[in-house]
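What the coordinates show
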Amino acid sequence: MGVSSLLRELQPLVEKPSTAEATLARFKGKKVAVDLSSWLYKGAYGCCLELCMGRPTTKYVAFVLRRLHTLREHGVEGVLVCDNGATGLKAETQRSRRSYTEARKAEGKRLLALMDKLPKKDYARRKELRKKAEEQFQGCVSITKDMVDAVVKEADKYGFRSIFAPFEADAQLAFLACSGQCAGVVTEDSDLVVYSVVSGISFPLILKMDSVGRAEVLDFDLRRLRQGRDASLESDDDGGGGGGGASAAESARGDAASALQPYAKQPFAPKSFLAQLTRLGWDCAARRMFVQMCVLAGCDYLDSLPGVGLKTAQKHIIQHRKVSADLRVKHIGRKVAEAALKAATKRARSASSSSSSSSSESSCVPEGYYDRARQAEASFFFAQVFD
């Protein structure tokens, strides 16, 4: 969930304590905001067959309650934050992906039907088909309001607080952490990193928490990235000039990486995604560039352009950071389309395959993409929360 590959690229900043005590000690006596959706999805994977086949189950409720009690056993109080409906843009993205999930559900049901036709003594084959069906169902699990209500009702019996966000939980989670009401956020969603950047306030993300409380902790501290920015060279625009400029750029990236190494939990290369982030700076304009990078890479609000992942999006944003912010995404879209046209022409090597830049853009950039990209940006900057 969230921005494709973002958490993976930030792995050098992730702390990986070996015990639950080491993970949760810094949060003892405090509250943490829990992204209920992320836990519900994990719990639903364990009973995906029952959910997709419409069979009654409460395994996902037990999953969430076990983790809430684990936090409490370590002196940490979890506050459940629940989605209250998707925004229009995300709802549109969900509709566009519905055919994919429906196809997986149909395939899972087909595999179960094949299993039921086999004699019970053919245990190995039946087990194999069931496993394949569950793999299909895991890819199409959806969280319903009834599931959320069931968890909230049961959590309330044990004194766990629940908050329903105005729309999606991500912005509400970020607000609770930024305002100091909670000391961190338990989630699997990289959108929380984007909200941290937008607000200019860093807060710890507790990731991949297991049943005993072990987890990874990501502190995306913007001040540290500013230090890396201060160590880099401002003249490193679009690759520099001649050989001397290239050497200066390499030196700048090396200095930036060196400035960040004491902060990182793992070593990373001067040309890595993380080191490149320092070249944006961290003023208000740079925060928008970060959001635009995430939108281009693909997020819950908008799918990425063909052939554009997180690193490619970062490269384009850095190369075109001098372009007007309101025009930058469209400018990059045209560059992506031009590159796709050149690649197609080179592959085909025939005059008949050539087309104009505008037709190439229409084939690479979906209709209405730029309007949806602006809406996606606005969704991060102007999300509604309850205070």
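Residues numbered from 1 in each chain as written. Predicted model: local features only at pLDDT ≥ 70, side-chain atom pairs only at ≥ 80, totals over all residues. Heavy atoms only, no water.

1. A closer look at the pattern of salt bridges
Formally: We define a salt bridge as a contact between a side-chain nitrogen of Lys or Arg and a carboxyl oxygen of Asp or Glu at a distance within 4 Å. In this text, helices come from DSSP runs of H or I with a minimum length of four residues, and strands from runs of E with a minimum of two, each type numbered from the N-terminal end. For every residue, the accessible area obtained with a 1.4 Å probe (protein chains only) is divided by the maximum for its type, and the residue is called buried under 20%, exposed over 50%, and partly exposed between those limits.
Counted under the stated rule, the structure contains 15 salt bridges. Residues Glu 107 and Arg 110 are paired through a salt bridge, measuring 2.8 Å at the closest nitrogen-oxygen approach. Taken together, the positions of Glu 107 and Arg 110, both in helix α7 (residues 98–117) and three residues apart, correspond to about one turn of that helix. For Glu 107, a relative accessible area of 27% corresponds to the partly exposed category. Overall, Arg 110 belongs to the partly exposed group, its relative accessible area being 42%. For the salt bridge of Lys 132 with Glu 128, the shortest nitrogen-to-oxygen distance reads 3.4 Å. Of the two residues, Lys 132 and Glu 128 are both situated in helix α8 (residues 123–138); the distance of four residues between them amounts to about one turn of the helix. You can call Glu 128 partly exposed: its relative accessible area is 36%.

2. Let's talk about helix α19 (residues 369–381)
Residues three or four positions apart in an α-helix share a direction because the helix packs 3.6 residues into each turn. Selection criterion: Helix span, as expected, comes to 1.5 Å for every residue beyond the first.
Given a rise of 1.5 Å per residue, 13 residues ought to cover 18 Å, and the 19 Å separating the end C-alpha atoms of α19 matches this to within 8%. Taken together, the buried positions of α19 are occupied by Tyr 369, Tyr 370, Arg 372, Ala 373, Ala 376, Glu 377, Ser 379 and Phe 380.

3. Structural notes on the side chain of Glu 168
In plain terms, the rule: As used in this structure description, the phrase polar contact means that two N or O atoms lie within 3.5 Å; if the pair is within protein, one of them must be able to donate a hydrogen and the other to accept it, and residues adjacent in sequence are counted only when both atoms belong to side chains.
Along the polypeptide, Glu 168 turns up in the loop between β4 (162–164) and α10 (169–178). Within the structure, Glu 168 has its side chain in polar contact with the side chain of Tyr 301 (distance 3.5 Å).

4. Digging into the pairing of strand β7 (residues 216–219)
Condition: Whether two strands pair depends on DSSP finding at least two bridges between them.
As paired elements, strand β1 (residues 14–15) and β7 share two bridges and run antiparallel to each other. For Val 14, the partnering residue across the bridge sits in β7 and is Leu 218.

5. Some points on the confidence of the model for the protein
Predicted coordinates in regions of low pLDDT should not be interpreted in detail. Rules: Known as pLDDT, the predictor's confidence for each residue is given on a scale from 0 to 100. Contact definition: two residues touch when any of their heavy atoms are within 4.5 Å.
For the protein, per-residue confidence averages 85 on the pLDDT scale, and 81% of positions sit at 70 or higher. In this model residues 230–244 is a low-confidence stretch, pLDDT under 50, and it forms 18 contacts with partners more than four residues away in sequence or in other chains. Note on residues 353–359: pLDDT is under 50 here. Beyond four places in sequence and across chains, it has nine contacts.

6. With respect to the environment of Arg 104
Here Arg 104 is to be found in helix α7. Linking Arg 104 and Cys 140, residues 36 residues apart in sequence, is a C-alpha distance of 6.4 Å. When near neighbours in sequence (up to four residues on either side) are disregarded, Arg 104 contacts Glu 135, Gln 136, Gly 139 and Cys 140.

7. Here we look at α8
Formally: The directions from the helix axis to the C-beta atoms are what the arc is built from.
Here α8 spans 22 Å end to end across 16 residues, near enough to the 22 Å set by a 1.5 Å rise per residue. Inspection of α8 places Arg 126, Leu 129, Ala 133 and Phe 137 among the buried residues, and these make up the whole buried set. For α8, the angular spread of buried residues about the axis comes to 80°, placing them on one side. Exposed positions of α8 whose direction lies more than 90 degrees from the buried face are Ala 124, Lys 127 and Lys 131. For α8, the secondary structure elements touched by its buried residues are α4 (48–52) and α7.

8. Let's talk about the sheet that holds strand β3 (residues 77–82)
We apply this condition: What counts as an axis is a line fitted to C-alpha atoms, over the stretch in contact for a helix, and the angles between N-to-C directions run from 0 to 180 degrees.
Spatial ordering of the open sheet is given by β1-β7-β6-β5-β2-β3-β4, a layout of seven strands whose pairing is mixed. Edge positions in the open sheet fall to β1 and β4, since each of these has one partner strand only. Sheet strands touched by helix α3 (residues 36–45): β2 (31–35), β3 and β5 (185–186). Its angle to β2, the strand with the most contacts, is close to 55°.

9. Observations regarding unusual backbone geometry
One non-glycine residue, Ser 5, lies in positive phi territory at about 70°. In this fold, Ser 5 is placed in the segment before α1 (6–9). Unusually for a residue other than glycine, Lys 208 sits at a positive phi of about 55°. Of the residues examined, Lys 208 reaches a relative accessible area of 49% and is grouped as partly exposed.

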